[in-house]
Amino acid sequence: MRLVYFAAVREAIGIAFEDLDLPTHLRTIEDAIDWLAAQSSGHALAFQDKARLRFALDQEMVPADSALGDAGELAIFPPVTGG
Amino acid sequence: MRLVYFAAVREAIGIAFEDLDLPTHLRTIEDAIDWLAAQSSGHALAFQDKARLRFALDQEMVPADSALGDAGELAIFPPVTGG
Amino acid sequence: MKRVIVSSEPISAEVALAGLSDLGGGAVSSFTGISRDDGGVTAIELEHYCGMTEASLLRLIDEAFARWALLGAAIVHRVGRVAVGEQVVVVGAASRHRADALEATAFLIDRLKTDAPFWKKEHYSDGTSVWVDAKATDNDRSARWT
Amino acid sequence: MKRVIVSSEPISAEVALAGLSDLGGGAVSSFTGISRDDGGVTAIELEHYCGMTEASLLRLIDEAFARWALLGAAIVHRVGRVAVGEQVVVVGAASRHRADALEATAFLIDRLKTDAPFWKKEHYSDGTSVWVDAKATDNDRSARWT
């Protein structure tokens, strides 16, 4: 799956995206976040305040308890601040 | 007092304004309208539907029961339709 | 910045709103009213109460400044004969935050429709013309702000 | 007419709104957001989710068309580095009657603030920079439309 990061999340992790094989037992976005947080100190820092994370699965905004299903792209970012 | 007319009221009366000495017993705008309606068939036509008349005393919109006081200019017109 | 213009020449939103973007605020909102081709209308004619018009428009702007945190506001209104497709009115407001500009813009056009001394006549392709009736919906929208 | 533009070059309200006045409607409403000089900000930087951005803006326009009787709508959003005083976003809507254009304009900017994938960083004169926090008031305003 392609993981895409934006804004402060991208800066904390240090990369804009990465392609990872997530363990198949991860069911929801929350599961994926917990697993990703253990991958590096950057990921841990980026995901430490889970209430401030927002998500898009295949470019659709979805809540944290959404199932990953067979999505190809998970984006993780802070609340948007455009306009 | 200067009487000023606009739009359909002006067209019915046939003039844009006139300077008249109103009888001193006329107290309110309504009194003045009733008196003016008797001055000509044009005035009668212009003022026949009193519910559709609006007024400004010295260029301030006011209700029909307002006292004429010592105002110098009474404008009589249909509801406004700008914009 | 407060701008009121009553013009018998064609008006332009660009000119009407010029400067509102440069007041240090983050928000500029505007509304433009355009003469419509309704059922054979070829032109409209706008009569106004010269003298009272500018004062009543400026009062609307003053009231908007009292109700919202505005940096600037403008009302530009056309009078006389206006061809279909031409701009009849432009209102605009500038503020630091968008809620003020958006609400002030709606206020200015809603209240202008019921409070400013303009009267509109429609001219038709068959040579006839008729004074436009005031709309109940305009009174309803204006009353929201009182 | 539906127009969505995401631009790394300076944008202009005139260009963003071009054509909205010529759709036969009587009403064009717009909102322009401008980069503000807040406490030493010299520029902002807008990151976005390329690919999702355009789709999410077009979806907002589609939703506005479903809710109001619109003849046209436009959203033009700047990305990349934006100097203080430059336009960040322009939204506009055209309709026959003014309520539709006014409400659709407020809807488009309110929902854009919470639904479109843009992130804003402020750069200060001392060389530091900070990501802007989302505002609770933006969530409140956006929730009015759901």
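Computed from a prediction, not measured in an experiment: that's the story for all the values here. (Residues numbered from 1 in each chain as written. Chains lettered and ligands numbered in written order. Predicted model: local features only at pLDDT ≥ 70, side-chain atom pairs only at ≥ 80, totals over all residues. Heavy atoms only, no water.)

### So, the packing of aromatic side chains
For the structure on display, the rule yields 16 aromatic pairs over all chains. Seen in terms of ring centroids, Phe-6 of chain B and Trp-119 of chain C are 4.6 Å apart; in terms of plane orientation they differ by 10 degrees. Their pairing is stacked. With one member in each of two chains, Phe-6 of chain B in the loop between strand 1 (2-5) and helix 1 (7-13) and Trp-119 of chain C in strand 7 (residues 118-124) form a pair that bridges those chains. Like Trp-119 of chain C, Phe-6 of chain B is buried. Chaining the aromatic ring pairs together yields one cluster made of Phe-6 and Phe-77 of chain A together with Tyr-49 and Trp-119 of chain D. The lysine or arginine in question, Lys-2 of chain C, covers the ring of Phe-65 of chain C, its NZ or CZ lying 4.6 Å from the ring centre. (Phe/Tyr/Trp six-rings, centres within 6.5 Å; stacked < 30°, edge-to-face > 60°. Helix = DSSP H or I, 4+ residues; strand = E, 2+ residues; numbered from the N terminus. Buried < 20%, exposed > 50% of the residue type's maximum accessible area, 1.4 Å probe, protein only. Lys NZ or Arg CZ within 6 Å of the ring centre and 35° of its normal.)

### Let's talk about helix 2 (residues 52-67) of chain D
In an α-helix, one turn spans 3.6 residues; hence positions three or four apart end up facing the same way. The terminal C-alpha atoms of helix 2 of chain D, which comprises 16 residues, lie 22 Å apart, in line with the 22 Å expected from a rise of 1.5 Å per residue. Among the residues of helix 2 of chain D, Met-52, Thr-53, Ser-56, Leu-57, Leu-60, Ile-61 and Ala-64 of chain D are the ones counted as buried. (Expected span 1.5 Å × (residues − 1).)

### Regarding helix 3 (residues 98-115) of chain C
Compared with the 26 Å implied by 1.5 Å per residue over 18 residues, the 25 Å span of helix 3 of chain C between its first and last C-alpha is a close match. Burial analysis of helix 3 of chain C places 15 of its 18 residues in the buried class, the great majority of the element.

### As for the relation of the copies chain D and chain C
Between the two copies, chain D and chain C, the superposition gives an RMSD of 0.0 Å; the rotation angle is 180 degrees and the shift along the axis is 0.0 Å. Here the copies are linked by what is in effect a two-fold axis. Scanning chain D for the C-alpha nearest the rotation axis identifies Ser-30 of chain D, at a separation of 2.6 Å. Both copies contact each other with a shared surface, as 100% of the interface residues of chain D are interface residues in chain C too. (Least-squares fit on C-alpha atoms with pLDDT ≥ 70 in both. Contact = heavy atoms within 4.5 Å.)

### Side note on the pattern of salt bridges
Within the structure shown, the criterion is met by 34 salt bridges over all chains. Ionic pairing is found between Glu-86 of chain D and Arg-78 of chain D, a salt bridge with its closest N-O pair at 3.0 Å. Relative accessible area serves as the criterion here: at 27%, Glu-86 of chain D is assigned to the partly exposed category. Linked through salt bridges whose partners overlap, the residues forming this network are Arg-98 and Glu-103 of chain C together with Asp-110, Asp-138, Arg-141 and Arg-144 of chain D. (Salt bridge = Lys/Arg side-chain N within 4 Å of Asp/Glu carboxyl O.)

### Remarks on the arrangement of the chains
Contacts are most numerous between chains C and D, taken over all three pairs of chains that touch. No interface is formed between chain A and chain B, the nearest pair of C-alpha atoms being 29 Å apart. A minimum C-alpha distance of 10 Å separates chain A and chain C, which share no contact.

### Examining the layout of surface pockets
Put simply, the largest pocket is a space of about 770 Å³. Along the wall of the largest pocket there are 39 residues; nearest its centre are Gly-82 of chain B together with Lys-113, Lys-120, Lys-135 and Asp-138 of chain C. When residues of the lining of the largest pocket are traced back to their parent elements, those giving at least two are strand 3 (54-57) and strand 4 (60-62) of chain B, strand 2 (27-34), strand 3 (41-48), helix 3, strand 7 and helix 4 (136-143) of chain C together with helix 3 (98-115) of chain D. If one sorts the elements of the lining of the largest pocket by residue count, helix 4 of chain C sits on top with four residues. For the lining of the largest pocket, the class distribution of residues is 16 nonpolar, 10 polar and 13 charged. (1 Å grid on protein atoms, 1.4 Å probe; cavity = no way out; pocket = protein on both sides within 12 Å on 5 of 7 lines; lining within 4 Å. Points joined across faces, edges and corners; volume = space filled by probe spheres on them. Nonpolar A, V, L, I, M, F, W, Y, C, P; charged D, E, K, R; others polar.)

### Describing the confidence of the model for chain C
With 100% of its residues at a pLDDT of at least 70, chain C reaches an overall mean of 95. Across the whole predicted complex the pTM is 0.90, and at the interface the ipTM reaches 0.87. (pLDDT = per-residue confidence, 0-100.)

### Let's talk about the side chain of Arg-111 of chain D
Residues and elements named next belong to chain D. Its place among the elements puts Arg-111 in helix 3. Classification of Arg-111 as buried rests on a relative accessible area of 9%. Other than its neighbours up to four places away in sequence, Arg-111 contacts Leu-60, Glu-63, Ala-116, Ser-142, Trp-145 and Thr-146.

### Quick look at the interface of chain B and chain C
Contacts between the two partners involve 21 residues from chain B and, on the opposite side, 25 residues from chain C. For the pair chain B and chain C, the two sides together bury roughly 1800 Å², of which 54% comes from carbon and sulfur. Applying the counting rule to chain B against chain C returns four salt bridges. Summed over the shared surface of chain B and chain C, the result is 13 residue pairs in polar contact (both at pLDDT 80 or more). Contributions of two or more residues to the side of chain B that touches chain C are made by strand 1, helix 1, strand 4 and strand 5 (73-77) of chain B. Looking at the side of chain B that touches chain C element by element, the count peaks at four residues for helix 1 of chain B. Of the residues that constitute the side of chain B that touches chain C, the class distribution is 12 nonpolar, four polar and five charged. (Buried area = accessible area lost by both parts, 1.4 Å probe. Polar contact = N/O pair within 3.5 Å; in protein donor to acceptor, adjacent residues only side chain to side chain.)

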